[in-house]
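Structure at a glance
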Amino acid sequence: MWQVCLYICSPSIFSPPIDNFDVFKEGKAQNFFESQEAVIALCTYFQELLKNIKDLDEKQLQEELFKLLQVSLWGNKCDLSFSAGEDSSQKSSPLQSLENMIPYILVNDMEKLWSLLVNAKKRNTEKSNVRVDIILDNAGFELVSDLVLADFLLSSKLADEVHFHGKSIPWYVSDTTKHDFNWTIKQLQSANHMWMSRCGINWEGNLKKGVWVYRDHMFWTLPHDFSSMAEVAPDLYADLQKSNLLLFKGDLNYRKLTGDRKWEYTVPFHQALNKFHPAPLCSLRTLKSDTQAGLKPGQGEQIQASEPEWMVNGKYGVVQFDASL
């Protein structure tokens, strides 16, 4: 274990010739290509939505936000670390089954996200942009779903800028690095499909205009839970404090948010965060490990009685919000 730690923490991994080497690269690319049908369906849906987005009333905008939040949530199933390297691609349109998946969202705080974004926009002045940060998880289809969500936030005027946070080194099999982020956008740009290509071109434009910003930081791959961020990485914590909303993707980020402890199911999410409150935050996570807080009394026990593997099989998810201090 110490040998692994010494390797990961060694400055040599940032030096030639291995600074650009990613042992997980092939698997991540395969996940993307095997998810083409789902990527096409999502890009097509989104580009059609953009044609009329200015005509949507507030209720319709809310419905579209909720759809894309759910696509991003269930996109978290596409995880090579969870599937032990086996096929984890998204084969079909992710939009077709959303209604059927609602009962599997154990904590659903989408209404709170909507209220926060709408109120932030109302308070906004020309000198203070509404900023949303997405702490990324997996490359492949999940990343595409996150990019669509980010584009919707800008196109709907719910946000003025989106900051993405990825890993500074290849990590946890399919976690997103800067190379994965740029590679995905380039693949979409050059795709032989009109709406995929349009998405890629628009997203490259967002980066050039500075309304999308990609960042990485070594803290995301250090063995600390997030409650120690203010002490261990005060620069990162200070940056996150500038955000109006932090979206944490995936199971590992949830484990680090909650200290990877086996909480009683009913312990409030706010308490499990252990004073990590740089800004209002929300976890979009499919359950793949046995830590979960913030459930209703009896909720976890009821599922446990019929599904002993419910916390680790990726079948259930949460959209779990904390409003900060």
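So, a few notes on the structure that sits alongside this text. (Residues numbered from 1 in each chain as written. Predicted model: local features only at pLDDT ≥ 70, side-chain atom pairs only at ≥ 80, totals over all residues. Heavy atoms only, no water.)

Let's shift gears to the environment of Phe248. Secondary-structure assignment places Phe248 in strand E5 (residues 245–249). In this structure Phe248 comes out as buried when scored by relative accessible area, which is 0%. C-alpha of Phe248 to C-alpha of Ile135: the two residues are 113 residues apart in sequence and 4.9 Å apart in space. Excluding anything up to four places from it in sequence, Phe248 contacts Ile135, Trp220, Phe226, Asn253, Leu257, Phe276, Leu281, Cys282, Ser283 and Leu284. (Helix = DSSP H or I, 4+ residues; strand = E, 2+ residues; numbered from the N terminus. Buried < 20%, exposed > 50% of the residue type's maximum accessible area, 1.4 Å probe, protein only. Contact = heavy atoms within 4.5 Å.)

For any pair of aromatic rings, the description consists of the separation of the ring centres together with the inter-plane angle of the planes. If you walk through the whole model with that rule in mind, you get 19 aromatic pairs. Ring centres of Phe219 and Trp220 lie 6.2 Å apart, and the angle between their planes is 70 degrees; on these two criteria the pair is classed as edge-to-face. For Trp220, a relative accessible area of 4% translates into the label buried. Note on Tyr265 and Trp310: the rings are 5.5 Å apart at their centroids and 70 degrees apart in plane angle, and the pair reads as edge-to-face. In this pair, Tyr265 is assigned in the loop between helix H12 (251–257) and helix H13 (269–272) and Trp310 in the loop between helix H14 (299–306) and strand E7 (317–322), connecting sequence segments 45 residues apart. Across this residue pair, the class does not change: Tyr265 and Trp310 are buried. Taken together, Phe219, Trp220, Phe226, Tyr237, Phe248 and Phe276 form an aromatic cluster joined through their ring pairs. (Phe/Tyr/Trp six-rings, centres within 6.5 Å; stacked < 30°, edge-to-face > 60°.)

On the surface, a nonpolar cluster with roughly 300 Å² of combined accessible area is contributed by Ile18, Phe21 and Val23. Structurally, Phe21 can be placed in the loop between helix H1 (2–9) and helix H2 (25–34). (Patch = residues over 30% accessible without salt bridge, like charges linked within 9 Å, V, L, I, M, F, W, Y side chains within 5 Å. Areas by Shrake-Rupley, 256 points an atom, 1.4 Å probe, with all protein chains shown as cover. Salt bridge = Lys/Arg side-chain N within 4 Å of Asp/Glu carboxyl O.)

Turning our attention to the pattern of salt bridges. Opposite charge on two side chains lets them pair, provided their charged atoms get close. Across all of its chains, the model carries 16 salt bridges by this definition. In this structure, Arg131 engages Asp133 in a salt bridge whose closest nitrogen and oxygen atoms are separated by 2.7 Å. Of the charged contacts, one joins Arg255 and Asp260 as a salt bridge, the two residues approaching to 3.1 Å between their closest N and O atoms. Connected through salt bridges with shared partners, the residues Arg131, Asp133, Arg215 and Asp239 form a single ionic network.

Moving on: the nonpolar core. Buried together is how nonpolar side chains tend to be arranged in soluble globular proteins. Formed by 61 residues in total, the largest nonpolar core has its most connected members in Leu65, Phe152 and Phe164. When residues in this core are grouped by element, the largest group, 10 residues, is from helix H7 (residues 141–155). Those residues in contact with Leu65 that sit more than four places away from it in its chain are Trp114, Leu117, Leu149, Phe152, Leu153 and Leu158. By size, the runner-up hydrophobic cluster in this structure holds 32 residues, among which are Leu106, Phe226, Ala233 and Met311. (Core = buried A, V, L, I, M, F, W, Y, C linked by side-chain atoms within 4.5 Å.)

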